[in-house]
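What follows is each chain in one-letter form.
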Amino acid sequence: MEEISKAPDGEIAPAQAATRSTRSTDSVLQRMAYPALLATTVATGVVTLARGWDPIRVSPLFLMGVLLYLTALERLIPYNRAWHPSRSEWRWYGIYFLFTMVGSAVAQALVSTAVAVLSPTVPALPLWAEIPSALLLGSLASYLVHRLGHTQPLLWRLHGVHHVPQKVNVANNGVNHVLDIVLAQGFVQLALALAGFSRDSVFVVGLFVTAQGYFVHANIDVHIGRLNHFLASPEQHRLHHSTALSEAGHYGSDLSVWDHLFGSYTWRPGRAPVAVGLSDPASFPDTGQIVASLLHPTRRPPRDGGDTPGN
């Protein structure tokens, strides 16, 4: 048991009291961080639909709110302080984030027409049934395209750019090849459009996917317990970035049910990667070599198999 020093009058010393107060605050943040994120996501969807706000304006504002919230938590309850971005990394990550936003916009533009044409005027299902259905289908499509990004050599040469950093944090969630974003998000959104889901359900699901995508990448010390078997979490996603391929499953970044179903679920309580990044760091340019990273898919693969899919 922790020995507590006391002041002459028998009270707990100020330093010890401050330590206890800090630990108590951290504990509250660890318990409430994820529920607060989920509650805000639901509230944003409900209020936007109820008030008839334009989803095109709400979505980027919601994204910025999520980024600010999780970045603050990374400082308050970090999982690994060594994973905080350096100044130079912030610059690199910012540039990649802009590329990611461009890729997302292109994917949205390519699919928006299909959504407008294919989505029914009167949805076949009520919204309360449409949203979970759209979430399951979108999550499955995301899982499949993500897993292909790790198993197909050409797609890996795009997606592997995301796995170069030897840290996992909110900022480097945006480290992606722009074509990887266009293909992945375009595939998911096209699947939802072809299924005929309404614009409202796609918007609500998009909010959840955005929140989850950045949450699982957050360098924060949170544990969601048994929810790990249904929802993706930082605990799982750190394993996905592990240099040990035997534990680097977890291709779902929103739901974890597909990892269970398809045999790529490796997490157990207390399991954490020894190191994150590429198992073969020399197979990709460093993250700071932005132009080289973007041109990486166009270069001739090395004869020694350095572009073997994995991470």
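None of these values were measured; they are calculated from a predicted model.

Engineer: Explain the packing of helix α2 (residues 55-76) against helix α7 (residues 199-215) to me, using residue names and the numbers behind them.
Structural biologist: Packed helices, taken two at a time, are described by their axes: the angle between them and the distance between them. Where α2 contacts α7, the two axes come as close as 10 Å, and the packing angle between them is 20 degrees. With respect to α7, the element α2 is oriented roughly parallel. When you trace α2 past α7, the crossing you get is right-handed. Counting all contacts with α2, which are made through Pro55, Ile56, Val58, Ser59, Phe62, Leu63, Val66, Leu67 and Leu70, the residues of α7 involved are Arg199, Phe203, Leu207, Thr210, Ala211, Tyr214 and Phe215.

Engineer: Got a sec to walk through the nonpolar core? Specific residues and values, please.
Structural biologist: Counting 36 residues, the largest nonpolar core has Leu70, Tyr214, Phe215 and Ile220 as its most contacted members. Those elements that place two or more of their residues in this core are α1 (14-51), α2, α4 (127-151) and α7. Here this core gets eight residues from one element, more than from any other, and that element is α7. In this structure Ile220 touches Leu70, Leu73, Glu74, Ile77, Pro78, Tyr79, Phe215 and Arg238, once residues within four positions along its chain are discounted. Counting residues in hydrophobic clusters, the runner-up holds ten residues, among them Val164, Val175, Phe284 and Ile290.

Engineer: So what about the pattern of salt bridges? Which residues, and what values?
Structural biologist: Considering all chains together, one arrives at three salt bridges under this definition. Residue Glu89 pairs with Lys167 through a salt bridge whose shortest N-O separation is 2.7 Å. One end of the pair, Glu89, is in helix α3 (residues 87-118); the other, Lys167, is in the loop between α5 (153-159) and α6 (178-195), and 78 residues separate them in sequence. Comparing Glu89 with Lys167, the two get one shared label, buried. With a shortest N-O distance of 3.3 Å, Glu247 and Arg271 are connected by a salt bridge. In this pair, Glu247 sits in the loop between α8 (234-240) and α9 (257-261) while Arg271 sits in the loop between α9 and α10 (290-295), placing the two residues 24 residues apart along the sequence.

Engineer: Can you lay out the packing of α4 against α7 for me, pointing to particular residues and giving the numbers?
Structural biologist: One way to put it is that α4 packs onto α7 with a least axis distance of 9 Å and a crossing angle of 50 degrees. When the axis of α4 is compared with that of α7, the two are oblique. Between α4 and α7 lies a crossing whose hand is right-handed. The segment α4 lies against α7, with Leu127, Glu130, Ile131, Ala134 and Leu135 engaging Asp200, Ser201, Val204, Val205 and Phe208.

Engineer: Give me the layout of surface pockets: which residues, what numbers.
Structural biologist: One number sums up the size of the second largest pocket: a volume of about 220 Å³. In this structure, the second largest pocket is lined by 14 residues; those nearest its centre are Val164, Pro165, Gln166, Asp286 and Thr287. Grouping the amino acids of the lining of the second largest pocket by side-chain chemistry returns eight nonpolar, three polar and three charged.

Engineer: Go over the side chain of Ser256, please, and point to the residues and values.
Structural biologist: Mapped onto the elements, Ser256 comes out in the loop between α8 and α9. For Ser256, a relative accessible area of 0% puts it in the buried group.

Engineer: Outline the packing of aromatic side chains, listing residues and values.
Structural biologist: Counted under the stated rule, the structure contains six aromatic pairs. On the numbers, 4.3 Å between centres and 10 degrees between planes, the contact of Tyr34 with Phe215 is stacked. One end of the pair, Tyr34, is in helix α1; the other, Phe215, is in helix α7, and 181 residues separate them in sequence. The pair Tyr34 / Phe215 is uniform in exposure class, with both members buried. Taken together, a centroid distance of 6.4 Å and an interplanar angle of 25 degrees make the contact between Trp258 and Phe262 stacked. Given the relative accessible area of 14%, Trp258 is considered buried.

Quick notes on the rules
Residues numbered from 1 in each chain as written. Predicted model: local features only at pLDDT ≥ 70, side-chain atom pairs only at ≥ 80, totals over all residues. Heavy atoms only, no water. Axes fitted to C-alpha atoms, helices over the stretch in contact; angles between N-to-C directions. Helix = DSSP H or I, 4+ residues; strand = E, 2+ residues; numbered from the N terminus. Parallel < 35°, antiparallel > 145°, perpendicular 65-115°, else oblique. Left-handed = near helix turned anticlockwise from the far one by under 90°. Contact = heavy atoms within 4.5 Å. Core = buried A, V, L, I, M, F, W, Y, C linked by side-chain atoms within 4.5 Å. Buried < 20%, exposed > 50% of the residue type's maximum accessible area, 1.4 Å probe, protein only. Salt bridge = Lys/Arg side-chain N within 4 Å of Asp/Glu carboxyl O. 1 Å grid on protein atoms, 1.4 Å probe; cavity = no way out; pocket = protein on both sides within 12 Å on 5 of 7 lines; lining within 4 Å. Points joined across faces, edges and corners; volume = space filled by probe spheres on them. Nonpolar A, V, L, I, M, F, W, Y, C, P; charged D, E, K, R; others polar. Phe/Tyr/Trp six-rings, centres within 6.5 Å; stacked < 30°, edge-to-face > 60°.

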